[in-house]
Amino acid sequence: MHLKIRTKLILSFFTPIIPLVAIVIIVSVYILNNLYNEVQSLNTITREGMKVADLRLSLDRGLMPVNDYIITGARKYADDFKGISKEIEERFKEVEDVARTSEEMEILKDVKNSWQNINKISIKIYAIPDPVGNKDAARLMEEMDYKWGYPAIERLKRWREIDLEEYKSVLEKHNMAWMRLWTIIIIVSLSFPILCLLYILYYSRQFLKSIDVLKNGAKTIADGNLNEHIDLHTGDEIEELSVLFNSMADNLKVSYTSLEDRVRERTRELKEASEAILRAKNEYEATFDGISDPLFVHDRDFKIVRANRAYAMAAGMDIKELAGKVYYEVFPKMKSPFKMCLKARELQEEEEEEEEEEFSYPVTNRIFKIRFYPIKDVNGGYLYSIHILEDITEAKRAADMLQRAYRRLSILYNIDRSLSQSLGLDDILKDGLSMTLKTLEIEGGAITLIDDDGKTMTIRTHIGLSEEFVNTVRHINIDEGISGRAVTEKKPVILNVSEYPTERLAPFIKKEGFQTLVSTPLISAGRVFGALTLATHKIKAFPPEETELLTSIGIQLGSAVQNASLYQSLKISEER
C-alpha cells in the first residue's frame, strides 16, 4: 500500500498534461519547420540579390575603360577592359546558378545579349588607333552606353525589385509564423494554470473527506477519549495512518495506568534537585562576589547578565542596577566592545577556550588585563562571556620603566663601545652622530665644535644635510642658532622651525624642509665642547626619556672629544 497516494497524484496529474504537451510539441515543430524554411528562403534571396548587385556593378565598371580610352587614347584601358570582361563572365555564371523564375531567366538573357553587343562595340572602339576627337568612336560609345549599357543595368534593377518583393513576402510569412508560435505559447501558459487549478480542486476534495474523518478522530483521542477508534478504508497511506492512531490510543490507555506513580516519583526527584540547585546557587554567589577583581558575565548583545561587587564598585553603581545594561557603556566606558568579544560572536567556530586582552582606561589612568572565557551551548554555539578585569597598572609601569632603562643603557653602551674603538676626532664624531640618528630614527643632523677663539663654532661632521646648506651655516657665532642656545644653556633644547631663534639662519633651515630641531651640548667635566643637533622633516615630540638619553649621549661625546683632544696634544708633545 506504500506510495499509493503519490501514484494517484502522479497519474491524475499527467493524464491531462501529456496530451496537451503532445499537441504543443507537434504544432511547435510544424511552425518551427516553417520558420526554418522561410529563413532559408530569405538567405537564398539575399545571396541572389548580392550576386545580381555584383553583376550590375561589374557591368557599370565595364563601361568605364572604353570611355577613358576615347578621352585619353591610352592603350592600357584595353587591358583593363579584358580583366573586367573576365570578371563579368564569372559574374554571369554565378547569377545563372541563382536564377529561379522565368522572368529572371529572361532578364539574364537580355543582359547577356547586351553584354555581347557591348563587347563587340568595345572591340571596334579599341581598333581605332587615335580615338580622341574621333566621331566614329564617339558614335560607337554613345550606342554602347544608351542602347546596350544602361538598358542592361535597368533590367538588373528590375531583377533587384523582384527579389525585394519576394523577400517582403517571405518575411511577412516568417512574422506570421512567429505570431502563431507566440499565440500558442500564450494559450498554453494560460491553460496550464487553469488545468492545474481544476486538478487541485477535484483531488483536494477527494482527499479532504478522508482527512476530515482522521482529524475528527484524532481530536476525540486528544480530548482524552481513548476508547475512540477511527474507521477508514481508503486503501492507501491514510488508512495506515488511522490504524496507527488506533494503536497509539491503545498504548496511551496502558501508559496512563502507571503515569500517576511516575509523576509522584518524578516530583520527589525534582524537589531534591531544586534544593541542591539552591545550595549550589548560594555557594556560587558567595564565591562570585568574593573575587577581588572586577568580574561580569554578558550575553550575545553585550548586556550584563551578572556582575560581582568589585565590578559594581568600579562602575560606581548598585549591583542590582547593572543587569541588562551594555557593559562597555558602564565600565569601562568605551565606544565598542572588546575585540575578543566581537571575535567570539562573529567567529563562533574558533576553538580557543580562553583569551587575554590589555586595556588602558584613561579615566582613572589604570591598565587592566581582561581575561575572556566563552560559554558555549552543546553544539559549540556562542552563548555568554565571562570577563575578569585584573589591575596590572603598577606591574605594567614597572616593566615599562625597566624596559626604557634597559634600552637607554643598551644604546649608551653601543655608542660607548663604538667611540672607544678610535681616538681620531673625526671618526669619533661621525660614529657618534651615526649611532644617535639610527637609534632615534631621525633623518639628519650635525655636530658643531667650539673654535679656539671661544666665540664661534664650526660644523665638524654631518649626515642627511645638503652640501649647500652645510657650506652656508658651517661657521656661526656661539650665540646663534639652536646649537648656540644649547651650548649657552648647557642643556637640551627642542624647537619647531617656526620658533627658530636666529633670523639669519631660519630661511636655510626651512629650505631644507625641517620641522623639528633638537640640540644637546657636548659636556665633559663641566666644560662645553660643542653641540649635537638633530633635525627631522616632520613635527616630533621628544618625551623625557629621549631628552635624558640625548643628555647622556652629549656627555659621552663630550668625554670622547676631550679624550681625543688630550690624545692629540700628547701625540704632538711626543713628536717635539
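As a reminder, the structure under discussion sits directly above these lines.
Conventions used here
- Residues numbered from 1 in each chain as written.
- Predicted model: local features only at pLDDT ≥ 70, side-chain atom pairs only at ≥ 80, totals over all residues.
- Heavy atoms only, no water.
- Helix = DSSP H or I, 4+ residues; strand = E, 2+ residues; numbered from the N terminus.
- Buried < 20%, exposed > 50% of the residue type's maximum accessible area, 1.4 Å probe, protein only.
- Contact = heavy atoms within 4.5 Å.
- Phe/Tyr/Trp six-rings, centres within 6.5 Å; stacked < 30°, edge-to-face > 60°.
- Lys NZ or Arg CZ within 6 Å of the ring centre and 35° of its normal.
- 1 Å grid on protein atoms, 1.4 Å probe; cavity = no way out; pocket = protein on both sides within 12 Å on 5 of 7 lines; lining within 4 Å.
- Points joined across faces, edges and corners; volume = space filled by probe spheres on them.
- Nonpolar A, V, L, I, M, F, W, Y, C, P; charged D, E, K, R; others polar.
- Core = buried A, V, L, I, M, F, W, Y, C linked by side-chain atoms within 4.5 Å.
- Expected span 1.5 Å × (residues − 1).
- Axes fitted to C-alpha atoms, helices over the stretch in contact; angles between N-to-C directions.
- Parallel < 35°, antiparallel > 145°, perpendicular 65-115°, else oblique.
- Pairing = 2+ DSSP bridges.

Asker: How should I be thinking about the overall build of the protein in this particular structure?
Answerer: Tallying secondary structure elements over the protein gives 15 helices and 11 strands in all. Burial statistics for the protein: of 576 residues in total, 36% are counted as buried. In the protein, the proportion of contacts linking residues at least 24 apart, taken out of those at least 6 apart, comes to 56%.

Asker: What's the story with the packing of aromatic side chains in this structure? I'm lost.
Answerer: Between two aromatic rings, the relevant description is the distance of the centres plus the angle of the planes. This model, assessed by the stated rule, comprises four aromatic pairs. Ring geometry for Phe-81 versus Trp-115: centroids 5.9 Å apart, planes at 35°, classification tilted. Of this pair, Phe-81 sits in helix α2 (residues 76–98) while Trp-115 is found in helix α3 (residues 102–127), placing the two residues 34 residues apart along the sequence. A single burial state applies to Phe-81 and to Trp-115, both of which are buried. For the pair Phe-81 and Tyr-126, a centre-to-centre distance of 5.7 Å together with 55° between the ring planes defines the contact as tilted. Within this pair, whereas Phe-81 is found in helix α2, its partner Tyr-126 is found in helix α3, the two being separated by 45 residues in sequence. Looking at Tyr-126, the relative accessible area reads 9%, which means it is buried. These aromatic residues form a ring-pair network of at least three members: Tyr-69, Phe-81, Trp-115 and Tyr-126. It is Lys-540 that lies over the ring of Phe-542; its NZ or CZ is 5.2 Å from the centre.

Asker: Any chance you could explain the layout of surface pockets here in plain terms?
Answerer: Here the idea is plain: a probe the size of a water molecule rolls over the atoms and shows the empty space left. What the largest pocket holds in volume is close to 410 Å³. Lining the largest pocket are 16 residues, and of these Ile-450, Asp-452, Arg-527, Phe-529 and Ser-565 lie nearest its centre. Those elements that place two or more of their residues in the lining of the largest pocket are β6 (444–450), β11 (527–536) and α15 (544–575). Ranked by the residues each element gives to the lining of the largest pocket, the list is headed by α15, at six residues. Per-class residue counts for the lining of the largest pocket are nine nonpolar, three polar and four charged.

Asker: How should the nonpolar core be read in this particular structure?
Answerer: A general tendency of soluble globular proteins is for nonpolar side chains to be buried together. With 33 residues, the main nonpolar core has Val-66, Ile-125 and Trp-159 as its most contacted residues. Listed by contribution, the elements that provide at least two residues to this core are α1 (4–72), α2, α3 and α4 (135–222). When residues in this core are grouped by element, the largest group, nine residues, is from α4. Filtering out sequence-adjacent residues up to four positions away, Val-66 remains in contact with Phe-81, Ser-122, Ile-125, Tyr-126, Met-141 and Met-144. Among the nonpolar cores identified, the runner-up in size contains 24 residues, and Phe-469, Ile-482, Leu-495 and Leu-517 belong to it.

Asker: I keep staring at the side chain of Ser-483 and nothing clicks. Help me out?
Answerer: Position of Ser-483 relative to the elements: it lies in helix α13 (residues 481–489). What makes Ser-483 buried here is its relative accessible area of 6%. The contact partners of Ser-483, leaving out residues within four places of it in the chain, are Met-457, Ile-476, Ser-519, Ala-531 and Thr-533.

Asker: How should I be thinking about the side chain of Ser-114 in this particular structure?
Answerer: Within the secondary structure, Ser-114 sits in helix α3. With relative accessibility at 8%, the residue Ser-114 sits in the buried group. Beyond its immediate sequence surroundings of up to four residues, Ser-114 is in contact with Trp-148 and Ala-152.

Asker: What's the story with α2 in this structure? I'm lost.
Answerer: The α-helix winds at 3.6 residues per turn, so residues separated by three or four positions along the chain end up facing the same way. The first and last C-alpha atoms of α2 sit 34 Å apart over 23 residues, in line with the 33 Å expected at 1.5 Å per residue. Looking at α2, one finds that the buried residues are Tyr-77, Ala-78, Phe-81, Ile-84, Ser-85, Ile-88, Phe-92, Val-95 and Val-98.

Asker: Would you mind showing me how to read α15 here?
Answerer: With 32 residues, α15 extends 46 Å between its outermost C-alpha atoms, agreeing within 8% with the 46 Å of an ideal straight helix rising 1.5 Å per residue. Taken residue by residue, α15 has Glu-546, Leu-549, Leu-550, Ser-552, Ile-553, Gly-554, Gln-556, Leu-557, Gly-558, Ala-560, Val-561 and Ala-564 as its buried positions.

Asker: Where do I start with empty space enclosed by the protein in this structure?
Answerer: Summed over all chains, the structure comprises two cavities of 30 Å³ or more. Along the walls of the largest cavity sit 18 residues, with Phe-469, Val-473, Tyr-500, Ile-509 and Thr-533 positioned nearest its centre. Every element with two or more residues in the lining of the largest cavity is listed here: β6, α12 (467–473), α13 and β11. Its residues placed into classes, the lining of the largest cavity shows 13 nonpolar, five polar and no charged.

Asker: Where do I start with the packing of α2 against α3 in this structure?
Answerer: How two helices sit against one another is set out by the angle between their axes and by the gap between those axes. Across the interface, α2 lies against α3 with an axial gap of 12 Å and an inter-helix angle of 170°. By the angle class used here, α2 and α3 are roughly antiparallel. Taking contact as the criterion, the partners of Tyr-77, Ala-78, Phe-81, Ser-85, Ile-88, Glu-89, Phe-92, Val-95, Glu-96 and Val-98 in α2 are, on α3, Glu-104, Leu-108, Val-111, Lys-112, Trp-115, Asn-119, Ser-122 and Tyr-126. Partitioned by chemical class, the residues of the contact of α2 with α3 number 11 nonpolar, three polar and four charged.

Asker: I would appreciate a short explanation of the sheet that holds β11 in the present structure.
Answerer: Strand pairs in the sheet, formed through backbone hydrogen bonds, run parallel or antiparallel to each other. Overall, antiparallel pairing links the six strands, which are arranged β8-β7-β6-β11-β10-β9 in an open sheet. The sheet terminates laterally at β8 (475–477) and β9 (493–496), the two strands that pair on one side only. The mean angle between the axes of side-by-side strands here comes to 25°, regardless of whether they run parallel or antiparallel. Taken together, the nine bridges between strand β10 (residues 516–524) and β11 define a ladder with antiparallel strand orientation. Its bridge partner lying in β11, Ser-519 is registered against Thr-533. Strands β6, β7 (456–463), β8, β9, β10 and β11 of the sheet are contacted by α13, whose axis makes an angle of about 40° with β10.

Treat this as a map of the structure, not an account of what it does.
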